[in-house]
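Here is what each chain is made of, one letter per residue.
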Amino acid sequence: MPKIADIEPTPNPNAVKFILKEPLTWGISCSFASAEQAADDPLASALFAIEHVTNVFYVDHWLTVTQDGQADWETLVRQLAVPIRAAAGADENSARLVDQAPAAQHEMTAEEQERFTRINELIDRQVRPYLQGDGGDLHLLGLRDATLTLHYQGACGTCPSSISGTLAAIRNLVHSIEPDIEIVAV
């Protein structure tokens, strides 16, 4: 049962980040853009049952909830705190999530896997810490030929700057090691 240590605003005015005293997972990120996607996740499902919630993202010691812009944050935060405090801890959640992990969408060639790993390490060092600090994250979905597919998570998923400024910065960074790659956010 995670306790809430702090609640922080994010650059996305429709998202808040809950910092927790106990982790929800051990390094496994969970991102849900709808109640239907969250149907098999007890915590996310409970959060989507609260009016105005449009996105739930969590990993380790933090959770970000995005709303539709119609709710008062003070009231909504009090409602969100109830299922967050009642959520299962990291040991139980991580075991369940590993069992539910989807298979890879595209088997990468050895060359694509090597390039993908280099790009992912670069993103780990120079991008993810900043996105996570703002209540979001970035998941690299795959590399096929010269196209890298990525998906924003949490507060970044609906933040206007993620589609423009952040994506441009990621393109510039990745082009420093892969000049001909196209980056597509889905």
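Going by the structure above, here's the rest.
Rules behind the numbers
- Residues numbered from 1 in each chain as written.
- Predicted model: local features only at pLDDT ≥ 70, side-chain atom pairs only at ≥ 80, totals over all residues.
- Heavy atoms only, no water.
- Pairing = 2+ DSSP bridges.
- Helix = DSSP H or I, 4+ residues; strand = E, 2+ residues; numbered from the N terminus.
- Axes fitted to C-alpha atoms, helices over the stretch in contact; angles between N-to-C directions.
- Contact = heavy atoms within 4.5 Å.
- Polar contact = N/O pair within 3.5 Å; in protein donor to acceptor, adjacent residues only side chain to side chain.
- Core = buried A, V, L, I, M, F, W, Y, C linked by side-chain atoms within 4.5 Å.
- Buried < 20%, exposed > 50% of the residue type's maximum accessible area, 1.4 Å probe, protein only.

Chemist: Give a description of the sheet that holds strand β4 (residues 53–59) that names residues and reports values.
Modeler: With antiparallel pairing, five strands are arranged side by side in an open sheet as β1-β2-β5-β4-β3. Two strands bound the open sheet, and with one partner strand each, they are β1 (4–9) and β3 (30–32). Going across the sheet, the axis of each strand differs from the next one's by a mean of 15°, ignoring polarity. Sheet topology note: the β1/strand β2 (residues 15–20) ladder contains five bridges and is antiparallel. Counted as the bridge partner of Asp6 is Ile19 from β2. The sheet contacts of helix α2 (residues 73–86) involve β1, β2, β4 and β5 (62–67), and relative to β2 the element is tilted by about 40°.

Chemist: Can you explain the side chain of Asn55? Please cite residues and give values.
Modeler: Secondary-structure assignment places Asn55 in strand β4. Polar side-chain contacts of Asn55 include one of 3.5 Å to the backbone oxygen of Phe32. The residues contacting Asn55, other than those within four sequence positions of it, are Phe32, Ala33, Phe48, Thr64, Val65, Thr66 and Gly154.

Chemist: Tell me about the sheet that holds strand β6 (residues 136–144), residues and numbers included.
Modeler: Taken together, three strands build an open sheet; the order of strands is β6-β7-β8 and the sheet is mixed. Two strands lie at the open edges of the sheet, namely β6 and β8 (182–185), each paired on one side alone. Strand after strand, the sheet turns through a mean of 25° between neighbouring axes, direction not considered. As paired strands, strand β7 (residues 147–154) and β8 are joined by four bridges and run parallel to one another. From the neighbouring strand, Thr147 faces β8, where its bridge partner is Glu182. Where helix α4 (residues 110–126) meets the sheet, its contacts fall on β6 and β7, and the angle it forms with β6 comes to roughly 165°.

Chemist: A description of the nonpolar core should follow, citing residues and the corresponding values.
Modeler: By size, the foremost hydrophobic cluster in this structure holds 26 residues, and its most contacted members are Phe18, Leu47, Leu63, Leu80 and Ile84. Taken together, the elements giving at least two residues each to this core come down to β2, β3, α1 (42–48), β4, β5 and α2. Counting residues per element, this core draws most heavily on α2, at six residues. Not counting chain neighbours up to four residues away, the residues in contact with Ile84 comprise Pro2, Ile4, Phe18, Leu20, Leu43, Leu47 and Leu63.

Chemist: How would you sum up the pairing of β2? Please name residues and give values.
Modeler: Of all six residues in β2, five are buried; the element is thus mostly enclosed. Where β1 hands over to β2, the hairpin turn is made up of five residues, counted between the paired strands. Where β2 meets β5, five bridges bridge the pair, whose relative direction is antiparallel. Directly across from Ala15, in β5, lies its bridge partner Thr66.

By themselves, these are just geometric observations and shouldn't be taken as functional.
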